[in-house]
Amino acid sequence: MTDTPPLADGYEISTDPHRIDAGRVHQWLSTDAYWAIGRAREKQGRAIEGSLNFGVYETVSGEQVAYARVVTDRATFAWLCDVYVDPSVRGKGIGTALVGAVREELLPYGLKRMLLATHDAHGVYEKLGFAPLEKPDQWMALSF
């Protein structure tokens, strides 16, 4: 497993659900994230409530600059989703550090696997040990 990259100075990561700026997260995802364009605010709220949430915040202002959530049973499985970094802070390694922190937070649970889906960020996730499914022919999905 690869080392967790450090977070840039001036930022902190928290799993405190009370710190999540739900309005900002909804704005980011529903208008700028290809997988969530048009997602309703109420649906995003339910997703936040039912997930383990991670936020990255500027330490001085407390402003949220990145988000990720994990759907997990904290025993066998996790799905990493809705990873988003505000465009104003991209290129500082915040997304990589965030995903590394997610991995470290889940490590003590002894999960069998953590999955994610990405259209264009394979390189970011590969740096942290993610790889394509070994046997994709064994996986199925039910879409609604």
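Placed above this text is the structure.
Rules and cut-offs
Residues numbered from 1 in each chain as written. Predicted model: local features only at pLDDT ≥ 70, side-chain atom pairs only at ≥ 80, totals over all residues. Heavy atoms only, no water. Axes fitted to C-alpha atoms, helices over the stretch in contact; angles between N-to-C directions. Helix = DSSP H or I, 4+ residues; strand = E, 2+ residues; numbered from the N terminus. Left-handed = near helix turned anticlockwise from the far one by under 90°. Contact = heavy atoms within 4.5 Å. Nonpolar A, V, L, I, M, F, W, Y, C, P; charged D, E, K, R; others polar. Patch = residues over 30% accessible without salt bridge, like charges linked within 9 Å, V, L, I, M, F, W, Y side chains within 5 Å. Areas by Shrake-Rupley, 256 points an atom, 1.4 Å probe, with all protein chains shown as cover. Salt bridge = Lys/Arg side-chain N within 4 Å of Asp/Glu carboxyl O. Buried < 20%, exposed > 50% of the residue type's maximum accessible area, 1.4 Å probe, protein only. Expected span 1.5 Å × (residues − 1). Pairing = 2+ DSSP bridges. Phe/Tyr/Trp six-rings, centres within 6.5 Å; stacked < 30°, edge-to-face > 60°. Lys NZ or Arg CZ within 6 Å of the ring centre and 35° of its normal.

Next up on the list: the packing of helix α1 (residues 22-32) against helix α2 (residues 41-49). It is at 10 Å that the axes of α1 and α2 come closest, and there the two elements cross at 115°. Like other packed secondary-structure pairs, α1 and α2 cross with a definite hand, here right-handed. Between α1 and α2, the residues in contact are Ala22, Gly23, Val25, His26 and Leu29 and Arg41, Gln44 and Ile48, respectively. Considered class by class, the residues forming the contact of α1 with α2 number four nonpolar, three polar and one charged.

Taken together, the side chains of Val71, Phe77, Trp79, Leu133 and Trp139 present a nonpolar region at the surface, about 410 Å² in accessible area. Relative to the helices and strands, Leu133 is located in the segment after α4 (122-126). When its relative accessible area of 38% is taken as the criterion, Leu133 is described as partly exposed.

Moving on, we come to helix α3 (residues 94-106). For α3, built from 13 residues, the straight-helix expectation of 18 Å at 1.5 Å per residue is met to within 8% by its first-to-last C-alpha distance of 18 Å. The buried fraction of α3 amounts to eleven of the 13 residues, a majority that puts the element mostly inside the structure. Of all the positions in α3, only Ile94, Gly95, Thr96, Ala97, Leu98, Val99, Gly100, Ala101, Val102, Arg103 and Leu106 are classed as buried. Where the residues of α3 are buried, they touch β1 (11-14), β2 (52-58), β3 (64-72), β4 (77-85), β5 (113-115) and α4.

One open sheet accounts for five strands, arranged β1-β2-β3-β4-β5; its pairing is mixed. What marks the edges here is a single partner per strand, and that holds for β1 and β5. Taken over all neighbouring pairs, the strand axes of this sheet differ in orientation by 20° on average, direction set aside. Note: β3 against β4, six bridges, orientation antiparallel. The partner of Arg69 across the bridge, within β4, is Cys81. Contacts from α1 reach β3 and β4, with the element oriented near 80° to β3. Each of β2, β3 and β4 touches α2; the most contacted strand, β3, lies at about 65° to it.

Following the criterion strictly, the structure yields three aromatic pairs and no others. Their ring planes at 25° and their centres at 5.2 Å tell us that Trp28 and Tyr84 sit as a pair that is stacked. Of this pair, Trp28 sits in helix α1 while Tyr84 sits in strand β4, placing them 56 residues apart in sequence. Its relative accessible area of 6% is what places Trp28 among the buried residues. When the ring centre of Tyr84 is taken as reference, the NZ or CZ atom of Arg90 above it lies at 5.1 Å.

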